[in-house]
Amino acid sequence: MKQSSITRFKPHLCAALAFSFLLALTTPIATADNAPPLMLANSYHPGIPLAEYWVSEKYDGVRGYWDGKRLLTRGGQPVIAPPWFTAGWPAIAMDGELWAGRGQFNHAVSTVRRETADDSAWRSMRFMVFDLPAHSGSFNQRLQALKKLIPGLQTPWIQAVEQTKVSDHATLQRMLDRIVREGGEGLMLHRGASLYQALRNDDLLKLKTHEDAEARVIAHLPGKGKYQGMMGALLVETPDGLRFKLGTGFSDDQRRQPPALGSLVTYRFRGLNPGGIPRFASFMREYQQ
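## Focus: the nonpolar core
At step 1: Ranked by size, the top nonpolar core spans 24 residues in total, and within it Phe-85, Met-94, Leu-98 and Phe-127 carry the most contacts.
At step 2: Mapped by element, the contributors of at least two residues to this core are strand 3 (62–66), strand 5 (94–99), helix 4 (105–113), strand 6 (126–131) and helix 6 (139–153).
At step 3: Of all hydrophobic cores here, the second largest spans 15 residues; its members include Ala-215, Val-236, Leu-246 and Ala-281.

Pasting the structure below:
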């Protein structure tokens, strides 16, 4: 009888995987109680009235929320930045992205996650502000207020995200292609007439060359061949309870130290197979709160 991949896997790792699998099913995931009320995006779909929307680059960083006193992640964790970084910021809420530049996502994450501020690392960070959550007006009105607010701060590392208008889908696609070609992640579309609401709806849309989503890690599946003794794939579960394997997109270091069981990961894909399984699913990163 052909020996299974599990029994060929190193015994001590098998035991660890079994224990971790049970732990993931029984251990609740910690969440922050003070998560800021953020506006969330749906995916873009052709047919929307583009004339009603503003379009901007989607910055590949860490969502940041300034509540007027503190800088927080989208999950509500405090961001430990050097005092000079937030000195002189206004006592009003600002929603934006902590960004280190195109292709510098890992730098942004490692900088924001530090429990002690790394002054030199923060020198390359910017806070790209795209909204004023406490403003009672429409996005059109909030955008005008933002354009007046940010220049007055005279702080080069806090910037208002540039917004533009496009006339049709073909123009939008050309803009997307250019941004991606230059190393950007994609586009965001914001309905001009919308109020700031802590909801996920079509008032805010994201457009990328691929789709992405989050899933929870259920198990580490053993590797074969050159990945013998390492993680070969993640078994993940979507919020709808659908389970599938993520086997590509990992570095060797990530295979040696894979995302923890019970954690959330972001994966990219291209459409869905019959039954809802993502097509060409590939690991992107651990989900950032």
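What follows picks up the thread again.
## Side note on the pattern of salt bridges
At step 1: Evaluated as defined, the whole model comprises 17 salt bridges.
At step 2: Salt-bridge contacts for Asp-118 lead to Arg-114; the nearest nitrogen and oxygen are separated by 3.7 Å.
At step 3: According to the relative accessible area criterion, Asp-118 is partly exposed, its value standing at 23%.
At step 4: Exposure remark for Arg-114: the relative accessible area of 40% places this residue in the partly exposed category.
At step 5: Taking the shortest distance from any N to any O, the salt bridge between Arg-191 and Asp-203 comes out at 2.8 Å.

## Structural notes on the sheet that holds strand 9 (residues 200–207)
At step 1: If you trace the four strands from one edge of the open sheet to the other, you get 1-9-8-2, paired in mixed fashion. Edge positions in the sheet fall to strand 1 (40–43) and strand 2 (53–58), since each of these pairs with one other strand and no more. In this sheet, adjacent strand axes meet at a mean angle of 40 degrees when their direction is disregarded.
At step 2: Inspection of the sheet shows strand 1 paired to strand 9 by four bridges, in the parallel sense.

## Let's talk about the pairing of strand 11 (residues 231–237)
At step 1: Counting buried residues along strand 11, six of its seven residues qualify, which places the element largely inside the surrounding structure.
At step 2: Note: strand 10 (residues 211–222) against strand 11, six bridges, orientation antiparallel. Residue pairing across strands places Arg-216 opposite Glu-237, the latter belonging to strand 11.
At step 3: Bridge analysis of strand 11 against strand 12 (residues 243–246) gives four bridges, and the strand direction is antiparallel. Bridged to Val-236 within strand 12 is Phe-244.
At step 4: Connecting strand 11 to the antiparallel partner strand 12 that follows it, the hairpin turn spans five residues, and Gly-241 within it adopts a positive phi of roughly 90 degrees.

## Considerations on the sheet that holds strand 7 (residues 158–160)
Strand pairs in the sheet, formed through backbone hydrogen bonds, run parallel or antiparallel to each other.
At step 1: Strand order in the open sheet formed by five strands is 4-3-5-6-7, with mixed pairing between adjacent strands. Strands at the two margins of the open sheet, each flanked by one partner only, are strand 4 (71–73) and strand 7. The sheet shows a mean angle of 35 degrees between the axes of neighbouring strands, taken without regard to direction.
At step 2: The pairing of strand 6 with strand 7 spans three bridges and is parallel. Bridging from a neighbouring strand, Phe-127 pairs with Ile-158 of strand 7.
At step 3: Sitting on the sheet, helix 4 is in contact with strand 3, strand 4 and strand 5, with an inclination near 45 degrees to strand 3.
At step 4: Across the face of the sheet, helix 6 comes into contact with strand 5, strand 6 and strand 7 while running at roughly 150 degrees to strand 6.

About the criteria used
- Here, residues in each chain are numbered from 1, in the same order as that chain's written sequence.
- A pLDDT threshold of at least 70 governs which residues receive local features in this predicted model, and a stricter bar of 80 or more applies before side-chain atom pairs are shown or counted, although totals over entire chains, interfaces and linings include all residues.
- Values shown for side chains rest on all heavy atoms present in the structure; no hydrogens or waters enter the calculation.
- What is meant by a nonpolar core is a set of buried Ala, Val, Leu, Ile, Met, Phe, Trp, Tyr and Cys residues, joined one to another through side-chain atoms within 4.5 Å.
- Here's how the labels work: a residue is buried when its accessible area is under 20% of the maximum for its type, exposed when over 50%, partly exposed in between, all with a 1.4 Å probe on protein chains only.
- For helices the rule is a DSSP run of H or I covering at least 4 residues; for strands it is a run of E covering at least 2, with both sets numbered from the N terminus onward.
- Salt bridges are identified by distance alone: a Lys or Arg side-chain nitrogen within 4 Å of an Asp or Glu carboxyl oxygen.
- Strand pairing follows a simple DSSP-based rule, namely that at least 2 bridges must link the two strands.
- Working convention: axes come from line fits to C-alpha atoms, limited for helices to the stretch in contact. Angles between N-to-C directions cover 0 to 180 degrees.
- For this analysis, residues touch if any pair of their heavy atoms sits within 4.5 Å.

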